[in-house]
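Results of the structural survey
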Amino acid sequence: MDIQTRKKGIVFHDSIEGAIAAKYYHERCLPAEQRGKGIIRHYCSIMSEEYLQTVYNDFRNPDGVCQILHATEAASTGLDVRDIHWVIQYGLSREMTVTQQRGGRCGRDGVTPCIHLVMFEPWAKSIDLTDALEEQERSTETLDPNRPICGKLLAKSNKRDRTGVSMLHLVQHLEICIRKTFTSANDNNSEDALKFTGPWCCNSTVHTNNLLNYSFYFPGKLLYLDAITGVKYQGAPTDPSRQVLEGEARGEKRSVPQKNHKVVWRASLASCLAKWRYNTWKQDRLRAVRPQYFLLSNKAIDILVKINPSSLINYQQITLAIGETKAWERKWAKEIFDVIRCFDAEVGVLEEQDRLEEMERRKRHKEEDKRAKEESIQRAFQQATDSHHHRAQAMSISREEAVRRLQQLRDTGSNSQSTSQFQPADKQAKTTNAFEMDTLHRQQEAERKAREMLAQMKGRK
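Bear in mind that the values here come from a model prediction, so they are computed numbers and not experimental data. Counting of residues starts from 1 at the beginning of each chain's written sequence and follows it residue by residue. Restriction of local features to residues with pLDDT of at least 70 applies here, the model being predicted, together with a cutoff of 80 or more for giving and counting side-chain atom pairs; totals for whole chains, interfaces and linings are based on all residues. As a rule here, side-chain values come from all non-hydrogen atoms in the structure, and water together with hydrogens is ignored.

1. Describing the sheet that holds strand 8 (residues 243-244)
A sheet is described by the order of its strands in space; here 3 strands give the open sequence 6-7-8, paired in antiparallel fashion. Two strands close off the open sheet at either side, each with one partner strand: strand 6 (223-225) and strand 8. Any two strands with at least two DSSP-identified bridges between them are counted as paired. Only DSSP runs of H or I covering at least 4 residues are called helices, and only runs of E covering at least 2 are called strands; the numbering of each starts at the N terminus. Here strand 7 (residues 232-234) pairs with strand 8 via 2 bridges, running antiparallel. Residue pairing across strands places Tyr233 opposite Val244, the latter belonging to strand 8.

2. Concerning the pairing of strand 5 (residues 115-119)
As paired strands, strand 4 (residues 86-90) and strand 5 are joined by 5 bridges and run parallel to one another. Bridge pairing in strand 5 places Gln89 opposite Val118.

3. A look at helix 1 (residues 16-28)
How far a helix is expected to stretch is found by multiplying one less than its residue total by 1.5 Å. Helix length check: helix 1 (13 residues) gives 19 Å between terminal C-alpha atoms against 18 Å at 1.5 Å per residue, within 8%. Accessible area is worked out with a 1.4 Å probe on protein chains only. A residue is then buried under 20% of its type maximum, exposed over 50%, and partly exposed in between. Regarding helix 1, the residues found buried are Ala19, Ala22, Lys23 and Glu27. Looking down the long axis of helix 1, one finds its buried residues gathered within 130° of arc, a one-sided arrangement. Opposite the packed face of helix 1, turned more than 90 degrees from it, sit the exposed residues Glu17, Tyr25 and Arg28. Along the arc lie the directions from the helix axis toward the C-beta atoms.

4. A few points about the pairing of strand 4
Most of strand 4 sits inside the fold, with 4 of its 5 residues counted as buried. Sheet analysis places strand 1 (residues 9-12) next to strand 4, joined by 4 bridges and oriented parallel. In the strand pairing of strand 4, Phe12 is matched with Gln89. By the criterion used throughout, a crossover qualifies as right-handed when its path from the first strand across the helix to the second strand runs clockwise, the strands pointing away from the viewer. Taking the sense of rotation as the criterion, the β-α-β connection linking strand 4, helix 3 (residues 96-103) and strand 5 turns out right-handed.

5. Quick look at helix 2 (residues 49-60)
In this model helix 2 runs 16 Å from its N-terminal to its C-terminal C-alpha over 12 residues, within 8% of the 16 Å that 1.5 Å per residue would give. Within the span of helix 2, buried status applies to Leu52, Val55, Tyr56 and Phe59. Buried residues of helix 2 fall within an arc of 100° about the axis and therefore sit on the same side. What makes two residues a contact is simply this: any of their non-hydrogen atoms within 4.5 Å. Buried residues in helix 2 make contact with strand 1, strand 2 (40-43) and strand 3 (68-71).

6. Re unusual backbone geometry
In this structure, Asp187 takes a positive phi of about 55° despite not being glycine. Looking at the secondary structure, you find Asp187 in the loop between helix 7 (178-185) and strand 6. Among the residues examined, Asp187 registers a relative accessible area of 65% and is labelled exposed.

7. Observations concerning the pattern of salt bridges
Here, a salt bridge means any side-chain nitrogen of Lys or Arg that lies within 4 Å of a carboxyl oxygen of Asp or Glu. On inspection of all chains with the given rule, the structure shows 15 salt bridges. For Asp14, the salt bridge identified is with Lys159, shortest N-O distance 2.4 Å. Taken together, the residues Asp14 in the loop between strand 1 and helix 1 and Lys159 in helix 5 (residues 159-162) connect sequence positions 145 residues apart. Relative accessible area serves as the criterion here: at 46%, Asp14 is assigned to the partly exposed category.

8. Section: the packing of aromatic side chains
Pairs were defined over the aromatic rings of Phe, Tyr and Trp, the Trp ring being its six-membered one, requiring ring centres within 6.5 Å. Orientation was assigned from the angle between planes: stacked under 30 degrees, edge-to-face over 60, tilted for the rest. In total, this model carries 6 aromatic pairs according to the counting rule given. Geometrically, the ring pair formed by Trp200 and Tyr217 is edge-to-face, given 6.0 Å between the ring centres and 65° between the ring planes. Here the residue Trp200 occupies a position in the loop between helix 7 and strand 6, and Tyr217 occupies one in the loop between helix 7 and strand 6, the gap between them amounting to 17 residues. Judged by its relative accessible area of 3%, Tyr217 falls in the buried class.

9. Quick word on the sheet that holds strand 4
The parallel open sheet is built from 5 strands, whose spatial order is 2-3-1-4-5. Pairing within the sheet leaves two strands with one partner each, and these edge strands are strand 2 and strand 5. Averaged over all pairs of adjacent strands, the angle between their axes in this sheet comes to 20°, without regard to strand direction. Its contacts with the sheet place helix 2 against strand 1, strand 2 and strand 3, and it is angled at close to 135° to strand 2. Angles run from 0 to 180 degrees between N-to-C directions of axes, and those axes are lines fitted to C-alpha atoms, restricted for helices to the stretch in contact.

10. Things to note about a negative patch on the surface
A contiguous patch of negative charge on the surface is contributed by Glu360, Glu367, Glu368 and Asp369. Along the chain, Glu367 falls in helix 12 (residues 326-414). Patch membership needs two things, relative accessible area over 30% and no salt bridge, and members are linked within 9 Å if like-charged or within 5 Å if nonpolar (Val, Leu, Ile, Met, Phe, Trp, Tyr). Residue-level accessible areas treat just the shown protein chains as cover; the underlying method is Shrake-Rupley with a 1.4 Å probe. Positive: Lys, Arg. Negative: Asp, Glu. His and the chain ends are not part of the count. For the purpose of locating charges, the reference atoms are NZ of Lys, CZ of Arg, CG of Asp and CD of Glu.

11. A word on the environment of Val206
Inspection of the secondary structure assignment puts Val206 in the loop between helix 7 and strand 6. Separated by 29 residues in the primary sequence, Val206 and Cys177 place their C-alpha atoms 6.6 Å from one another. Each residue touching Val206, except ones within four places of it in the same chain, is listed here: Leu174, Glu175 and Cys177.

Set out below in structure tokens:
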């Protein structure tokens with residue numbers, strides 16, 4: 001796309017690392033001759049004041065080079081640029097006020113057609129808001145709409161737990177006008193609250209007569225998913241030249257095995273559900289005309305025990321899984337859901353205990369192996385030391401015996417004149433020294449062999 005036809009915009013990220021990484025990836029998507037020219041910049045608080053001011057001035061200048069900013073919280077306030085056409089929130093923000101602040105960066109001149117696009121994580125659609133909404137209805141005071149969905153936050157709470165109820169409600173209910181949600185959150189009841197300058201209000205299903213056309217704000221062929229067929233297209237639905245994507249992108253599912261409840265726990269869960277069915281039936285005033293299987297059939301139990309615990313989010317899924325009615329759901333679904341969740345919690349505790357015991361067993365086995373190896377090395381070393389000691393002792397005894405016999409020969413020679421005439425003293429001394437040197441050499445050789453044996457054993461260790 002030519003730089004003159006590109007529309008200026010900001011992409012907000014939750015983290016500095018995400019903003020910088022997205023900037024470099026986005027820049028690699030440009031033609032080679034446009035890379036490194038400053039068309040795409042990152043705008044984060046860790047950058048120097050000089051860098052931030054330079055980028056801001058260039059981005060604000062209608063004739064500037066910078067057209068796209070990958071930014072964090074640093075750009076959500078105080079960034080007054082008049083001709084921003086689009087703002088993308090990459091990842092659901094935790095609070096409604098943050099979302100409105102970031103979206104308020106576009107269309108500030110009051111005449112530029114602009115769009116604020118929120119790209120949220122898949123888990124945002126699956127979180128059950130029933131308890132949070134019922135809590136609001138029961139409360140005599142107005143609760144904070146931005147309160148975390150998990151209630152009390154912990155130091156290690158993740159983004160899913162920290163996300164506010166109002167933002168989750170916003171993305172889960174497309175039948176409600178987004179602009180109307182924002183005005184309600186701000187207590188703005190003025191006549192101009194719902195007015196907009198662009199061709200469309202929002203992508204809510206309430207605007208069936210004026211569906212939002214994303215290509216108006218984002219030139220080029222975008223990806224579209226046909227919700228009915230599951231087929232993905234490159235190009236708008238109104239574009240006659242749009243192309244069907246092949247392979248997995250077309251909507252073909254990969255052959256990933258279905259993850260069901262572990263077989264080893266299914267019989268126990270079935271027993272718990274059957275016990276609940278019987279106890280509930282015994283307390284039913286209409287049990288004389290309403291059999292147990294009316295509450296929960298054996299076929300339904302077989303279906304429920306196979307559902308993966310991690311995929312069971314709310315009790316409405318139970319109704320859909322076994323094909324029951326809404327009246328049945330209001331009466332029995334939540335109790336069955338509680339039975340399954342309690343069972344899964346107990347199983348989780350047991351599995352954690354088994355995991356810890358297995359880790360402890362492996363640790364003990366490893367320590368035993370290490371101790372056995374050390375004992376084996378010590379035994380081998382002791383055997384080599386004993387062998388060396390015995391050899392040295394034997395050689396010492398032999399040397400002493402030889403010296404003793406030599407002394408006897410000397411004594412015998414001293415009593416014989418003929419011997420002393422032909423056996424000079426210096427020759428006897430040389431003979432004694434030669435014998436001692438030979439004995440010492442044998443002892444050193446034995447010590448060398450013992451050291452080599454010890455070195456080989458340590459090398460095998």
